[in-house]
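Here is what each chain is made of, one letter per residue.
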Amino acid sequence: MVKTVPQLTLWAVFVDKDGDSTSDSNPGSQIPKEVAGLKVRAVGLKAGTSQEDRIGQLAGELAAEWEAHPDRVVVAWAVDRPTGVSLAGLDLTTGNLLAVSSQVAAEGAIRALLAGRSVASLVYPPLFTPAKALEQAGLGPAADGERWRIRVTQEPRDQWLEITAEGVSVSAEGLTPLERAAIEERTGPLKATGPGAGRHLLIGSANWAGQGRAWAQAVGDHIPGFTAWNYQLRMARGIVFDSDCMVPIEDFHSPVVRADLALNLIAPASHILVEDLRLLTGQGSLRDGHTMGRLARSEWRVLRDSGRRVAVLLHGTIARDPAIHRSLYPWSPYWDEGSSAFKDQMALVQNTAAALAELEVPLFTATLDMLDYLDNARWLPIVASPADFAPAPPWAAGGKLRVAHAPSSGLLKGSEFVDALLSRLAQQGVIEYVPVRGVAPELMPGLLRQVDVVVDQVVLGNPATLLIQTMAAGRLGVAHVSGRVRRRFPAELPVVEADPSSITEVIASIAADPDSYRHLAEAGPVFARRFHDGRLSAAVLDQHFLSDGGES
Amino acid sequence: MTPASEPPGRGGLGPVESGAVPGKRILYVSWGFPPFSGSGMANPLAAVNALATRGHQVTVLSADSDAFDLVSGSDWSLTDRISQSVTVVRVDQPRAMLDTVINRWSEARRRNAGDYPQWMCELVHDIFPEPVANPWAWYPAWLPNARATARALHQARPFDLVIATILPAASAGVALALNAATGVPFVIYERDSWVFSPFTGEPYPDSGRSRPMLEMAFERAHQVWYINTPLADLHRREFAAWADRIREVRNGWDPESLPRPVEPRARAGQAGLVVRYVGTSSRQFPWEFVTSAWQLARAQSPLLRESVLEFVGPAPADRMPGDFDHVTLAGPRPREELWDVYSGTDILLFVKEGGGMATSGKIYEYAATGLPIVSSMVADHDARHVLAGRPLWFDAAGHTPEALAAALVAAAERAPGVEETPAAREHAERFRRDQVFSSAFAQLEESLGW
């Protein structure tokens, strides 16, 4: 493609406070005559006018500029903050106006445009992926080869974005000129993997407890010839886990970002593991990428029809039927059918069931208690990281027993019981209570090594990530895991049973006679290594999804 | 070289320099790296070049070019100084609260009068703890991309060592993650402090988040390096269990910046001297203090009456307190013009805020010029370690405009100090950065059993 250097003009826009360009207090007095070799036109906006008037003034000046020079690209530099807001109120989607908020940005943009970059590429730089990093380092596949591309079509469609075995296409309808230009410029990764080609798994987009990343690592480590990435759509504040590709939700509204996701993450995938019905690219709607459920189902259908194999992983909450849970667990948080907690949970579960009924795909779940709610789901074990298995100090080596609990959504863990009971035991001098809040994932393995006992959930019945990490660290886990669920494990689960009625007695017993429980603490790393170090998880995915003989 | 024309995979694995033995594979994590032209760029540049000179295969992980070109500032001529054998991988820095491209501002930002909404700032800060001195710094947003990149690179071709230089602390996050996943050893090189203010020595108000992370870094690191003795000693006290892992690896001056000796310009007793402050003067720079001292000095000394005080380097122009006679802001000059700047200078001015933990990288270069240096700094400022025993050093006896003026007058009366210039230059030889790094990396290699 021949790159043409556009005609450029640079405007330095400011609020002209007093009409005196020599006055120190007037931003206009600080504007240099030239920036990056381009003469600067100072554009003063009338002080004391409304933003609407200033935007109108700017729009008029721009219209005059383009009438005189239709092909000219205007780089507008907001010299002061109010001007930035004025520029933001203009139509910045046409591709012939780049608005920036600093002199550095103006200089950089001018140099880039003069070197042949487009306004579109400055506004919408391509999505960064590990594949691009490998190419930079000269470690990717050979650079000359066919690449995945996006085709922009004129035809209006129900789905603005389509993914097929051959590539990605988007409908131009509804795209701004700038978005269209950005998408048309995109090139994707080399076609080394994809449906019918090399084997590459994409897991997305929840990454709860970092497990999306962990399963991807397990596949890459243990299935020869397979690569795997995870992708996380970051929806809210909270602890941030490692991920191969992380997109904040505020970026997800952009069709360019979502087209990028399709091009760089979906297209190269031969297999896609969808977590918790989460959207991957929001294909159904051009602008509203937030809706889950209905749109997610149409997305999976499209992906499967594209020749890619799709499976679903349900972590827990999204499928835990409150009526069933209430019948199985005496301390169920869903004990009141009339409560909003019950009703909300039931609505969620019904939506999940409807989605699964529409599309027959392999179904996995991370914890064995979920088999009470899901037919035909297979256990995909949670994966503990290498750091979780680092050598730990001897268990209960002396002194007061250190007992940790990570209070989270109290409704689901029973933290309202545990926190109070452990605090009382600490006040009585029986234990040292270590509440764990907001701990970064990097620090959790080290923290676990500093305690003796971890009390996980005592009402829900799910043996989840923290319990697995506790076992890997050789610490003693205490949780409510029913006998029915324990029998589903391939070996005896080395976790002490407790619920709100017994937790005090259990902890006191451990504190009084830790040696009686030592064998369980020591069995933890063996258990975790056997079932939760990634090998079994990779094997499950391989057997039931990834390999040619797996379920389609 | 411009952004559009930078070749991908610059340097590649390249040939090892003639005579050197094939070394180890080292990942050097430095958010800021050429073309980044901001403060602290020279140190990682010199470090990776020193490693390459020793025969190691160095891959640098840095932020992407647009982050420098469009936000923090860039100088593409600096990339010519990168050793040919070094591979630079540029990892996208999500723009977040520092996005200067208004076309890209979200609706939330437009509605917030152009400011990044606080809840979105907190989203960034949830990712990783950075010192509170940069409360809205964007660096944590870089970490997920950087971690994924380090992992992919290591998986393709394993590294033997990771060196992460901070700030930003996000660089350390990369080393920690790769070590946790693969066990590859790492060194943290703190050129600023993650937990303690180098100005006061006190913990940052927000250090409750960062201290546990630094403790973990100490526990897992092969070594932790500090840029000067006061910072090293502070951390030896605060993290005593790991004191044996702490090393001092000072900043220094680069021979490339001073390719030939700076010769004294003026004749003895000559009026109309050029007094220069070379470097970045932030909004915290004590403008009133310096300009007051200058006017006093000019009033006292016929030699200075017609002399000029010039600030060369980035400066926020609106902080100059009005117009002063014979004071000018010359703005930044490219690094390749530094020798010319020094050659046109008769007296260098070193005025630094901050306390005993700070050194200021600039003092090493000043010292190497051999020019008379006038200084004003607190009694325990670490720059005194650099200047102690140096000829042609005129230190203000007290932190008052009068004391600084007296030092300026004394320097003017001694300038150019031709007889003492060679000794002044020689005094700085020990701080040549390539020699500092050569020594540091030699001990590191030995400690690793290489």
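Residue numbers restart at each chain and count upward from 1, following the sequence in its written direction. Whichever chain is written first is A, and whichever ligand is written first is 1; the rest continue in order. Local features in this predicted model are restricted to residues of pLDDT 70 or higher, and side-chain atom pairs are both shown and tallied only at a pLDDT of 80 or more, whereas totals for entire chains, interfaces and linings draw on every residue.

**Student:** A description of the interface of chain A and chain B should follow, citing residues and the corresponding values.
**Tutor:** Once C-beta atoms are placed from the backbone, any two residues with those atoms within 7 Å are in contact. Each partner contributes residues to the interface: chain A has 51 residues there, and chain B has 53 residues. Under the DSSP-based scheme used, a helix requires at least four consecutive residues in state H or I and a strand at least two consecutive residues in state E, with every element numbered from the N terminus. Elements that contribute at least two residues to the side of chain A that touches chain B include exactly helix 2 (81–88), strand 5 (97–100), helix 3 (103–114), helix 4 (119–123), helix 5 (130–136) and strand 12 (245–248) of chain A. The element best represented in the side of chain A that touches chain B is helix 3 of chain A, accounting for 6 residues. Three residue categories are used. Nonpolar comprises Ala, Val, Leu, Ile, Met, Phe, Trp, Tyr, Cys and Pro, charged comprises Asp, Glu, Lys and Arg, and polar comprises the others, including Gly. Partitioning the side of chain A that touches chain B into residue classes produces 30 nonpolar, 12 polar and 9 charged.

**Student:** Go over the pairing of strand 6 (residues 223–226) of chain B, please, and point to the residues and values.
**Tutor:** Residues and elements named next belong to chain B. In this scheme every C-beta is placed from the backbone, and a residue whose C-beta has 20 or more other C-beta atoms within 10 Å is buried, one with 12 or fewer is exposed, and one in between is partly exposed. Because side chains alternate across strand 6, one face comprises the buried residues Q223 and W225, and the other comprises V224 and Y226, equally buried. Relative to strand 6, strand 5 (residues 186–190) runs parallel, the two being bridged by 4 bridges. Note on strand 6: the bridge partner recorded for V187 is Q223. With helix 7 (residues 207–220) bridging strand 5 and its parallel neighbour strand 6, the resulting β-α-β unit is right-handed. Orient the strands so they point away from the viewer, and a crossover whose first-strand-to-second-strand path over the helix runs clockwise is right-handed. What joins strand 6 to strand 7 (residues 246–248) is helix 8 (residues 229–238), and the crossover it makes is right-handed. Each pair of strands is called paired provided DSSP finds at least two bridges between the two strands.

**Student:** Let's hear about the domain arrangement of chain A: which residues, and what values?
**Tutor:** Where a domain begins and ends is set by an automatic assignment or by a domain database. Segmenting chain A into domains produces domain 1 (7–122) and domain 2 (386–533). For domain 1 of chain A and domain 2 of chain A, the distance between their C-alpha centres works out to 60 Å.

**Student:** Summarise the pairing of strand 8 (residues 168–171) of chain A; cite the residues concerned and give the values.
**Tutor:** Residue and element names in this part refer to chain A. Two strands pair when backbone bridges link them, and strand 6 (residues 147–153) and strand 8 are joined in this way by 4 bridges, in the parallel orientation. What sits directly across from V152, in strand 8, is V170. Sheet topology note: the strand 7 (residues 161–163)/strand 8 ladder contains 3 bridges and is antiparallel. Looking across to strand 8, one finds that I163 is bridged to V168. Hairpin connection of strand 7 to strand 8: 4 residues between the antiparallel strands.

**Student:** An account of the domain arrangement of chain B is requested, with residue identities and associated values reported.
**Tutor:** Quoted interface sizes are often the accessible area lost when the parts come together. All names here are of chain B. Structurally, chain B comprises domain 1 (3–252 + 432–448) and domain 2 (274–430). Between the C-alpha centres of domain 1 and domain 2 there is a distance of 30 Å. Counting residues at the interface gives 18 residues for domain 1 and 16 residues for domain 2. Ranked by residues supplied to the side of domain 1 that touches domain 2, first place goes to helix 8 with 4 residues. Broken down by class, the residue content of the side of domain 1 that touches domain 2 amounts to 8 nonpolar, 8 polar and 2 charged.

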